[in-house]
Amino acid sequence: MNDYNNYYAYVAGFEFTDFGFAHGNTDLGWLLEYHYDERGDQPGDELIPSALQNDLYLGVRWTLNDLASTRLLTGVVVDLDNQSTFGNVELSRRLGELWTLGLEARILTNIDHQDLFYPIRKDDYIGIEFTRYY
């Protein structure tokens with residue numbers, strides 16, 4: 001019998017950044033991660049389930065390297081067992097010396113009825129944030 005303290009989980013990945021992408025001032029990074037957790041994603045008596053039990057993350061990080069510090073990070077996590085998909089977008093930019101504008105979006109698609117994300121499958125999120133520094 002397994003207990004809550006004895007299980008295997010790991011994440012392996014890499015990021016490759018093309019500095020000066022297309023001979024310009026921007027940087028473009030490619031991200032890849034694999035998530036494994038032996039607890040699985042099904043609720044059970046012995047182990048606490050994990051949402052990232054056999055999942056692949058693919059992402060892109062784009063940095064403009066401009067005076068406004070414009071950055072974009074976007075990616076998708078795909079469950080390799082049932083193809084449930086979680087998308088993520090984060091965008092930020094300075095507006096002058098005192099303000100920043102941020103945008104975040106989280107999107108769930110094709111969520112399997114047995115996936116841990118199923119109860120929130122209709123809870124996509126878009127947020128806009130203005131931040132003032134002083």
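Higher on the page you've got the structure.
Structural notes, computed from the coordinates. (Residues numbered from 1 in each chain as written. Predicted model: local features only at pLDDT ≥ 70, side-chain atom pairs only at ≥ 80, totals over all residues. Heavy atoms only, no water.)

### With respect to the overall build of the chain
Here's step 1: Along the chain, the regular secondary structure elements total zero helices and seven strands.
Here's step 2: In the chain, the order of α-helices and β-strands from amino to carboxyl end is β-β-β-β-β-β-β.
Here's step 3: For 134 residues, the compact-globule estimate of 2.2 N^0.38 gives 14 Å, and the chain exceeds it by more than 25% at 19 Å.
Here's step 4: Overall, the C-alpha framework of the chain stretches about 60 × 30 × 30 Å when taken along its three principal axes.
Here's step 5: Here the chain, with 134 residues, has 27% of them falling under the buried criterion.
Here's step 6: For the chain, restricting intrachain contacts to residue pairs at least 6 apart in sequence, the fraction spanning at least 24 positions comes to 42%.
Here's step 7: As displayed, the chain has an accessible area near 9,300 Å², and 58% of this comes from carbon and sulfur atoms. (Helix = DSSP H or I, 4+ residues; strand = E, 2+ residues; numbered from the N terminus. Rg over C-alpha atoms; globule rule 2.2 N^0.38 Å. Buried < 20%, exposed > 50% of the residue type's maximum accessible area, 1.4 Å probe, protein only. Contact = heavy atoms within 4.5 Å. Areas by Shrake-Rupley, 256 points an atom, 1.4 Å probe, with all protein chains shown as cover.)

### A few points about the side chain of Asn88
Here's step 1: Mapped onto the secondary structure, Asn88 falls in strand S5 (residues 85–95).
Here's step 2: Judged by relative accessible area, which is 12%, Asn88 ranks as buried.
Here's step 3: A distance of 3.5 Å separates the side chain of Asn88 from the side chain of Glu90, its partner in a polar contact.
Here's step 4: A distance of 2.3 Å separates polar atoms of two side chains, one belonging to Asn88 and the other to Arg106.
Here's step 5: Apart from residues lying up to four places away in sequence, Asn88 is in contact with Leu73, Thr74, Gly75, Ala105 and Arg106. (Polar contact = N/O pair within 3.5 Å; in protein donor to acceptor, adjacent residues only side chain to side chain.)

### As for unusual backbone geometry
Most peptide bonds adopt trans geometry, and most residues besides glycine take a negative phi value.
Here's step 1: Even without glycine at this site, Asn65 takes up a positive phi of about 55 degrees.
Here's step 2: Take Asn65: it is sitting in the loop between strand S3 (54–63) and strand S4 (71–79).

### Side note on the pattern of salt bridges
Working definition: two side chains of opposite charge can pair if their charged atoms are close together.
Here's step 1: This structure, assessed with the given rule, holds five salt bridges.
Here's step 2: Linking Arg61 and Glu15 is a salt bridge whose minimum nitrogen-to-oxygen distance equals 3.1 Å. Residue Arg61 is located in strand S3, and its partner Glu15 is located in strand S1 (residues 9–18); the two are separated by 46 residues in the primary sequence.
Here's step 3: The partner of Asp66 in a salt bridge is Arg93, and the shortest N-O contact between them spans 3.1 Å. (Salt bridge = Lys/Arg side-chain N within 4 Å of Asp/Glu carboxyl O.)

### A short note on the environment of Ile107
Here's step 1: With respect to the helices and strands, Ile107 occurs in strand S6 (residues 99–109).
Here's step 2: Distance in space between the C-alpha atoms of Ile107 and Asp123 is 7.8 Å, their sequence separation being 16 residues.
Here's step 3: Filtering out sequence-adjacent residues up to four positions away, Ile107 remains in contact with Thr85, Phe86, Gly87 and Asp124.

### Some points on the packing of aromatic side chains
Here's step 1: Applying the stated criterion to the full structure yields three aromatic pairs.
Here's step 2: Between Tyr10 and Tyr34, the aromatic rings sit 6.3 Å apart at their centres with planes inclined by 50 degrees, giving tilted as the arrangement. Placement of Tyr10 in strand S1 and of Tyr34 in strand S2 (residues 27–37) is noted, with a sequence separation of 24 residues between them.
Here's step 3: Using a relative accessible area of 46% as the deciding quantity, one classes Tyr10 as partly exposed.
Here's step 4: With centroids separated by 6.1 Å and ring planes inclined at 10 degrees, the aromatic side chains of Phe86 and Phe117 adopt a geometry described as stacked. (Phe/Tyr/Trp six-rings, centres within 6.5 Å; stacked < 30°, edge-to-face > 60°.)

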